[in-house]
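Residue-level structural notes
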Protein chains: 2
Amino acid sequence: MANYKMILQYDGTRYRGWQVLPAELTIQGKLQDVLSKMAGYQVEVTGSGRTDAGVHAKGQTANFHLREEWDEDKILFYLNQYLPEDIAVCEVKRVDERFHSRYQAVEKTYLYRIHTGKIPEVFERRYVYDYTEPLDVNRMRKAAEYLCGTHDFKSFCGNKKMKKSTVRTISRIQIKELPGEIQIYYTGNGFLQNMVRILTGTLIEIGDGRRTPEDVSEILEAKNRERAGYTAPACGLTLLEVIYGKMVCNK
Amino acid sequence: MANYKMILQYDGTRYRGWQVLPAELTIQGKLQDVLSKMAGYQVEVTGSGRTDAGVHAKGQTANFHLREEWDEDKILFYLNQYLPEDIAVCEVKRVDERFHSRYQAVEKTYLYRIHTGKIPEVFERRYVYDYTEPLDVNRMRKAAEYLCGTHDFKSFCGNKKMKKSTVRTISRIQIKELPGEIQIYYTGNGFLQNMVRILTGTLIEIGDGRRTPEDVSEILEAKNRERAGYTAPACGLTLLEVIYGKMVCNK
């Protein structure tokens, strides 16, 4: 058995998300189809985490096992030849047998792009969320300070039946103001279902004046999804990078 | 009568080009539909030039006449509200009655993007042309020197029945080499039908070794479309900017 790690990009617009679903177009499903065709037997792909329907990725990481050793470049070439044009594999590397792209991920960075300009964005329209009300970035930055650190993010979890721990650590939230666009970068050790989108919806409600930065402490304490802001649309979100610890040595 | 100049962006992927055609989706057609609905009578839009089917624009310029004076911002807002999401109007300005967006254009800049990287381009895939053979940029730059200046570009004209002058002046061709991408910027006083795409196809054939930079002089002299290179695909081409002389004073 040989274990391969790959780095992926995708435009999530057409997809029902990462996770394989019967009779639905998904990223994991597409990857498994092409890899299984290549190998001649069913290959399972494990992602660093699921991305929601419509969410994009520039650095999603996944791994899969093959029964025999394959040349890394051959796999890379085969995948890019047979995958649709909205999914690309940037890198394939043979890794230690024990490498698991979900369990061993130590940090992830997401980017949420809010288009605030008055002129519609033609070329990036699939990758931004249009928000035309004025947003006070300083209020959003102040709110972000309350969110950073280790907290129970139950109020920011889209899955109400979540039974496992909802404690996560956000190490950094960086908010960049560009002409006509606000970019929010989230880095943390893991994110719950819809969490980045609910964090963004909450920051938007603070930025447009509906809530105050100080409300964040109360929302966190409430441990109740109803108290946080709305779920910002999937189209504005991109998974940028997944970081692994040193123990992931290459073969 | 009031004359308005507008600056436009569009993703040309879905369109049969700029020029209105019966029962076809065109940029000019869409603009005329929306403006006519706004005005309540048929409005004609004049572009700085036609773009081919599939060609994009970041700074196409056009003008139109209205029977009465309208607020510029109102027109801008109306257009962006009713145009499809792959066309945007960036600016609307009332201009001198005599302004004509085609006759008075003194210079245009086009960008042709060639994706040369091995990893498919996911997010910019609609705006680049994939070319996987190695290209020698220095050969292409040398060839570009022969193309600059005032020449009869008949060999680079896609319309074989062209009766008007095929003499044009290219003031500058800049070739930028980025990781996985070659960008060619063309600036000139005007371009013939398909000219930028034929220039690009010829530069590619020089870059990949099929022709030499010195072949350009002979191609120009031949005044024969058959002698130049192939017509590079429309998707890689974007009209970046149209420059007007000083006489275009605002109202």
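Residues numbered from 1 in each chain as written. Chains lettered and ligands numbered in written order. Predicted model: local features only at pLDDT ≥ 70, side-chain atom pairs only at ≥ 80, totals over all residues. Heavy atoms only, no water.

What to know about the overall build of chain A
As a reminder, the rule being used: Every helix listed is a DSSP run of H or I at least four residues long, and every strand listed is a run of E at least two residues long, numbered separately from the N terminus. Restricting the calculation to C-alpha atoms gives the radius of gyration, and the globule rule supplies 2.2 Å times the number of residues raised to the power 0.38. Burial classification: accessible surface area is computed with a 1.4 Å probe over protein chains only, and a residue below 20% of its type maximum counts as buried, one above 50% as exposed, and the rest as partly exposed. Throughout, a residue-residue contact means that at least one pair of heavy atoms, one from each residue, lies within 4.5 Å.
The helix and strand inventory of chain A stands at five helices and 10 strands. Computed over its C-alpha atoms, the radius of gyration of chain A comes to 19 Å, within 12% of the 18 Å expected for a compact globule of 251 residues. Along the three orthogonal principal directions, the C-alpha set of chain A runs to about 60 × 40 × 35 Å. Scored against the burial criterion, the 251 residues of chain A give a buried share of 54%. Taking as baseline every contact in chain A between residues at least 6 positions apart, the subset at least 24 positions apart corresponds to 72%.

Brief notes about the relation of the copies chain A and chain B
Filter applied, for reference: All copies are superposed by least squares; the fitting set is the C-alpha atoms of residues with a pLDDT of at least 70 in both.
Placing chain A over chain B gives an RMSD of 0.0 Å and needs a rotation angle of 180°, together with 0.0 Å of translation along the axis. Accordingly, the operation relating the two chain copies is best matched by a two-fold axis. For chain A, the minimum C-alpha distance to the rotation axis belongs to A:E124 and amounts to 4.5 Å. Looking at chain A, 100% of its interface residues are interface residues in chain B too, so the copies touch through the same face.

Overview of the pattern of salt bridges
Residue and element names in this part refer to chain A. Which entries qualify depends on this criterion: The rule for a salt bridge is simple: a side-chain nitrogen of Lys or Arg has to be within 4 Å of a carboxyl oxygen of Asp or Glu.
With the rule as written, the count across this model stands at 30 salt bridges over all chains. The partner of D96 in a salt bridge is R98, with the nearest N and O atoms 2.8 Å apart. Within the structure, one salt-bridge network assembled from shared partners comprises E205, D208, R210 and R211.

Brief notes about the packing of helix 3 (residues 137–147) of chain A against helix 4 (residues 195–207) of chain A
Residues and elements named next belong to chain A. For the record, the criterion: Here an axis means a line fitted to C-alpha atoms, over the contact stretch when the element is a helix, while the angle between two N-to-C directions is reported on a 0 to 180 degree scale. For classification purposes, an angle smaller than 35 degrees is called roughly parallel, one larger than 145 roughly antiparallel, one from 65 to 115 roughly perpendicular, and anything else oblique. By definition, any crossing whose near helix is turned counterclockwise from its far helix by less than a right angle is left-handed, and any crossing with a clockwise turn is right-handed. Only Asp, Glu, Lys and Arg are considered charged, only Ala, Val, Leu, Ile, Met, Phe, Trp, Tyr, Cys and Pro nonpolar, and every remaining residue, Gly among them, polar.
For the pair helix 3 and helix 4, interaxial distance at closest approach is 8 Å and the crossing angle is 140°. One way to sum up the angle between helix 3 and helix 4 is to call them oblique. At the point where helix 3 passes helix 4, the crossing takes the right-handed sense. Residues R139, M140, A143, A144 and L147 of helix 3 touch helix 4, and the partners they reach there are L199, L203, I204, I206 and G207. The residue inventory of the contact of helix 3 with helix 4, partitioned by class, reads eight nonpolar, one polar and one charged.

Side note on the packing of helix 1 (residues 27–39) of chain A against helix 2 (residues 72–82) of chain A
All names here are of chain A. At a minimum axis separation of 10 Å, helix 1 and helix 2 run at an interaxial angle of 125°. As summarised for this structure, helix 1 and helix 2 are arranged oblique, according to the angle between their axes. Handedness of the helix 1/helix 2 crossing: right-handed. Side by side, helix 1 and helix 2 meet where V34, L35, K37 and M38 of the first sit next to I75, Y78, L79 and Y82 of the second. Residue composition of the contact of helix 1 with helix 2, by class: seven nonpolar, no polar and one charged.

A closer look at the side chain of B:K108
All names here are of chain B. Definition in use: Charge convention: Lys and Arg are scored as positive, Asp and Glu as negative, and His as well as the terminal groups of each chain are ignored.
Checked against the element boundaries, K108 lands in strand 5 (residues 105–115). With no salt bridge to any partner, buried K108 finds its closest opposite charge in D52, at an N-O distance of 11 Å. Excluding its chain neighbours within four sequence positions, the residues that come into contact with K108 are S48, G49, Y186, T187, G188, F191, L239, E241 and V242.

Structural notes on the side chain of B:H56
Inclusion rule: We define a polar contact as two N or O atoms separated by no more than 3.5 Å, with the added condition that, inside protein, one atom must be a possible hydrogen donor and the other a possible acceptor, whereas residues neighbouring each other in sequence contribute only through side-chain atom pairs.
Examined against the element boundaries, B:H56 turns out to sit in strand 3 (residues 56–66). A polar contact is formed between the side chain of B:H56 and the backbone nitrogen of B:G12, at a distance of 2.8 Å. A distance of 2.9 Å separates the side chain of B:H56 from the backbone oxygen of B:C235, its partner in a polar contact. In this view, B:H56 contacts A:F123, B:Y10, B:D11, B:G12, B:T13, B:R126, B:Y127, B:C235, B:L237, B:T238 and B:L239; residues no more than four positions away in its chain are not counted.

Points about unusual backbone geometry
Within the chain, A:A23 stands out as a residue other than glycine whose phi angle is a positive 60°. By secondary structure assignment, the location of A:A23 is in the loop between strand 1 (2–10) and helix 1. The class of A:A23 is exposed, set by a relative accessible area of 87%. Here the phi dihedral of B:K223 falls at roughly 50°; this positive angle occurs in a residue that is not glycine.

Details of the environment of B:R98
Residue and element names in this part refer to chain B. In this structure, R98 sits in the loop between strand 4 (87–95) and strand 5. Between the C-alpha atom of R98 and that of R16, which follows or precedes it by 82 residues, the distance is 29 Å. Each residue touching R98, except ones within four places of it in the same chain, is listed here: N3 and Q104.

A short note on helix 4 of chain A
Residue and element names in this part refer to chain A. As a reminder of what qualifies: Multiply 1.5 Å by the residue count of a helix minus one, and that product is the helix's expected span.
Between the first and last C-alpha of helix 4 there are 18 Å, a value that for 13 residues agrees with the 18 Å anticipated at 1.5 Å per step. Of all 13 residues in helix 4, 13 are buried; the element is thus mostly enclosed. Following helix 4 by one or two positions, G209 adopts a phi angle in the positive range, close to 100°.

A closer look at the UniProt feature "binding site: substrate" (unreviewed entry) in chain A
Residues and elements named next belong to chain A. Our working rule: UniProt positions are given in the numbering used here, feature names are shortened, and annotations may be inferred rather than shown by experiment.
Residues annotated by UniProt as "binding site: substrate" (unreviewed entry) correspond here to Y110. Looking at where Y110 falls in the secondary structure, it is placed in strand 5 (residues 105–115). A relative accessible area of 7% places Y110 in the buried class. With sequence-adjacent residues up to four places away left out, Y110 is seen in contact with R50, T51, I184, Y185, Y186, F191, V196, L237, T238, L239 and L240.

Overview of the packing of aromatic side chains
Test applied: Pairing of aromatic rings covers Phe, Tyr and Trp, the last through its six-membered ring, and needs centres within 6.5 Å; plane angles under 30 degrees mean stacked, over 60 mean edge-to-face, and all others mean tilted. We call a charge positioned over a ring when the NZ of a Lys or the CZ of an Arg lies within 6 Å of the ring centre and within 35 degrees of the ring normal.
This model, assessed by the stated rule, comprises 18 aromatic pairs over all chains. Ring centres of B:Y4 and B:F64 lie 5.7 Å apart, and the angle between their planes is 20°; this geometry places the pair in the stacked category. Note that B:Y4 is positioned in strand 1 (residues 2–10) and B:F64 in strand 3, a separation of 60 residues in sequence. The class for B:Y4 is buried, based on a relative accessible area of 0%. Counting every residue linked through ring pairs, the aromatic cluster contains A:Y112, A:Y129 and A:Y131. Taking NZ or CZ as reference, A:R67 lies 3.8 Å from the ring centre of A:Y41, over its face. The aromatic ring of A:F123 is capped on one face by B:K58, whose charged end is 5.0 Å from the ring centroid.

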